[in-house]
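# Coordinates in review
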Amino acid sequence: MKVLVIGGGAREHALCRSLSLDPDVTALHCAPGNAGIAEVAELHRVDALDGRAVADLAASLEADLVVVGPEAPLVAGVADAVRERGIPVFGPSADAAQLEGSKAFAKDVMAAAAVPTARSYVCTTPEEIDEALDAFGAPYVVKDDGLAAGKGVVVTDDVDLARAHALACDRVVIEEFLDGPEVSLFAITDGETVVPLQPAQDFKRAYDGDEGPNTGGMGAYSPLPWADPKLVDEVMASVLQPTVDELRRRGTPFSGLLYAGLAITSRGVRVIEFNARFGDPETQVVLARLRTPLGGLLRAAATGNLAALPPLRWSDDAAVTVVIASHNYPDTPRTGDVIEGLAEVAAQDAPGAYVLHAGTKLDEAGAVRSAGGRVLSVTAAGADLATARERAYRAVGRISLDGSQHRTDIAAKAAAEAPGA
């Protein structure tokens, strides 16, 4: 099959890398892509938010499958435009993508489906904001109702900071704080059948020890040696299948990737948020462990044939990814700096470790330069988390990017506490 991937971050590089390894994928295209994706796919220019332009590109390439990576094009209806042209597309409709596009909508769906989540208030006035903050108390959890590229959530003990964030949003969801570790669980669905992937844990805070501001994610690992072996089955029964069933009942079936951000609380599993696409950086570690060819899996979801697929196959290896970010990320990141050491990683660390590009571009001289806040995801696999972690950080050490930053504690606690560590 010929596949077109829409997007240009590390998530899309991970998708393209896995698709390039699928023997059934005969041609791979990406728009707009990045410097790393260019090594495995043919790049095209397109406005990723313009559904007609994306559909025209897919038609001109005679694509058999379009994979929409980021959330903004999904909420903008790009998948709808491609479907209207009769081209299979992996990604939900604009209506179904409101599960991520509006946190208030997601809360309504969860209430109707009896999905366990935090108690919350939807606020649009200063008075409602103050009442909600007073009702829950610290720590305050304040979420912009709309898309915010992973940075629309503030969790703080400072009521003034919480109020300021809430007032800066047109509509805001204020909810109770959920204790316990967080887990990301992806599921592939065609609107009826739901196939869970392996769980992962990401690190949202900018600095070691979970300090600093929220980011789009600074690293991730999989599997989770500390998690209950029954976790995936429990989340399937209480969260994923009921949500897919409820959306189908409403006439807005969800086809694509359903991402559940979960808190494992003292009172059981609770949903923190839903996303309507693969998460970044969790995708990097989940796909590093997936052995089932990705193209066939995504096409089965896009064509309503998931139920006919055999069970997914997984590597027993662990995977760790470490994000290298630009100077001053997540505020206003500096871009345009030269990245060095990529060839050394490819020569000395592959195949155990490799680099996925997020915010990169090629200059006129052919040098790779930073072009965003999160620049690279250095990903490694190993027999256990400690080995994968060692390989990832060894590769990180070969890369030079002026002023860059990365966390040094990704998967450290889980590796130290894993059986046999």
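See above for the structure.
What this report covers is the structure whose coordinates are included nearby. Remember, it's a predicted structure, so these values are computed and weren't measured experimentally.

Viewed as axis vectors pointing N to C, helix α6 (residues 103-113) and helix α9 (residues 231-249) meet at an angle of 105°, and their least axial separation amounts to 9 Å. Between α6 and α9, the angle is such that the two are roughly perpendicular. Residue-level inspection shows F105, V109, A112 and A113 of α6 in contact with α9, the latter providing P242, T243, E246 and L247. Of the residues contributing to the contact of α6 with α9, the split by class is six nonpolar, one polar and one charged.

Another point: the pattern of salt bridges. With the rule as written, the count across this model stands at 27 salt bridges. D160 is paired through a salt bridge with R163; the nearest N and O atoms lie 3.6 Å apart. With D160 and R163 both in helix α8 (residues 159-167) and three residues apart, the pair spans about one turn of that helix. Using a relative accessible area of 52% as the deciding quantity, one classes D160 as exposed. Judged by relative accessible area, which is 25%, R163 ranks as partly exposed. When the shortest N-O distance is used, the salt bridge between R398 and D349 registers 2.6 Å. Taken together, the positions of R398 in the loop between α13 (385-396) and β24 (400-401) and D349 in the loop between α12 (342-348) and β20 (353-357) put the pair 49 residues apart, joining distant regions of the chain. A residue is classified by how much of its surface remains accessible, and R398, at 27% relative accessible area, is partly exposed. You can call D349 buried: its relative accessible area is 8%.

So, about the nonpolar core. Counting 78 residues, the largest nonpolar core has L4, V66, L240, V320 and I399 as its most contacted members. With eight residues, α9 is the largest single contributor of residues to this core. When near neighbours in sequence (up to four residues on either side) are disregarded, L240 contacts L185, A187, V194, V235, L258 and A260. Grouped together as the second largest cluster of nonpolar side chains are 40 residues, A14, L15, L294 and L297 included.

So, about the sheet that holds strand β7 (residues 140-144). What the four strands build is an open sheet, ordered β6-β9-β7-β8; its pairing is antiparallel. Two strands lie at the open edges of the sheet, namely β6 (120-123) and β8 (153-156), each paired on one side alone. On average, each strand axis in the sheet is inclined to that of its neighbour by 20°, with strand direction left out of account. As paired strands, β6 and strand β9 (residues 172-175) are joined by four bridges and run antiparallel to one another. When the sheet's bridge partners are listed, Y121 is paired in β9 with I174. Strand contacts of α6: β6, β7, β8 and β9, with the helix running at about 50° to β9, the strand carrying the most contacts.

Residues G51, V54, A55, L57 and A58 constitute the buried set of helix α2 (residues 51-60). End-on, the buried residues of α2 take up no more than an arc of 160°, which puts them together on one face. Relative to its buried face, α2 has exposed residues pointing more than 90 degrees away, namely R52 and S60. Looking at the packing, one finds that the buried side of α2 touches β1 (2-7), β2 (27-32), β4 (65-68) and α4 (78-84). For α2, the N-terminal cap is D50; the gap from its side-chain oxygen to the backbone nitrogen of R52 is 3.1 Å. Of the residues flanking the end of α2, it is E62, one or two places downstream, whose phi is positive at about 55°.

Time to look at the pairing of strand β15 (residues 219-222). The side-chain alternation of β15 yields two buried faces, one formed by G219 and Y221 and the other by A220 and S222. Direction of pairing for strand β12 (residues 201-202) relative to β15: antiparallel, over a ladder of two bridges. Pairing of Q201 across the sheet is with Y221, part of β15. In the sheet, β15 pairs with strand β18 (residues 318-325) via four bridges, with the strands oriented antiparallel. Residue pairing for β18: A220 is matched across the bridge by T321.

Looking now at the environment of F177. With respect to the helices and strands, the residue F177 is situated in the loop between β9 and β10 (182-189). Counting along the chain gives 101 residues from F177 to A76, while the straight-line C-alpha distance between them is 31 Å. Not counting residues up to four positions away in its chain, the partners in contact with F177 are P139, V141 and V155.

With parallel pairing, five strands are arranged side by side in an open sheet as β3-β2-β1-β4-β5. Since the sheet does not close on itself, it has two edges, and those belong to β3 (42-43) and β5 (89-90), each with one partner.

To continue, consider the packing of helix α7 (residues 126-136) against α8. Running from N to C, α7 and α8 point in directions that differ by 145°, and their axes come no closer than 10 Å. Where α7 crosses over α8, the two elements pack in a sense that is right-handed. On α8, the residues that touch P126, I129, D130 and L133 of α7 are V159, A162, R163, A166 and L167. Partitioning the contact of α7 with α8 into residue classes produces seven nonpolar, no polar and two charged.

Cut-offs used in this document
- Within every chain, residues take consecutive numbers counted from 1 along the sequence as written.
- Where local features are concerned, this predicted model is filtered to residues with pLDDT of at least 70; where side-chain atom pairs are given and counted, the filter is 80 or more; whole-chain, interface and lining totals use all residues.
- With hydrogens and water stripped out, all remaining heavy atoms of the structure feed into the side-chain values.
- Helix axes use the C-alpha atoms of the stretch in contact, all axes being lines fitted to C-alpha atoms, and the angles between their N-to-C directions lie in the range 0 to 180 degrees.
- Numbering of helices and strands runs from the N terminus; a helix is a DSSP stretch of H or I covering at least four residues, while a strand is a stretch of E covering at least two.
- Roughly parallel covers angles under 35 degrees, roughly antiparallel covers those over 145, roughly perpendicular covers 65 to 115, and oblique covers all other angles.
- Residue contacts are counted whenever heavy atoms from the two residues lie within 4.5 Å of one another.
- For this scheme, ten residues count as nonpolar: Ala, Val, Leu, Ile, Met, Phe, Trp, Tyr, Cys and Pro. Four count as charged, namely Asp, Glu, Lys and Arg, and the remainder, Gly too, count as polar.
- The salt bridge criterion pairs a side-chain nitrogen of Lys or Arg with a carboxyl oxygen of Asp or Glu, the two atoms within 4 Å.
- Throughout, exposure labels follow a simple rule: accessible area from a 1.4 Å probe, protein chains only, divided by the maximum for the residue type, with under 20% read as buried, over 50% as exposed, and the rest as partly exposed.
- What we call a nonpolar core is a set of buried Ala, Val, Leu, Ile, Met, Phe, Trp, Tyr and Cys residues that are connected through their side-chain atoms within 4.5 Å.
- In short, DSSP must find at least two bridges between two strands for them to pair.
- This arc corresponds to the set of directions leading from the helix axis out to the C-beta atoms.
- Polar contacts here mean pairs of N or O atoms no more than 3.5 Å apart (in protein, one a potential hydrogen donor and the other a potential acceptor; neighbouring residues in sequence count only if both atoms are side-chain atoms).
- Left-handed describes a crossing in which the near helix is turned anticlockwise from the far one by less than a right angle; the clockwise case is right-handed.

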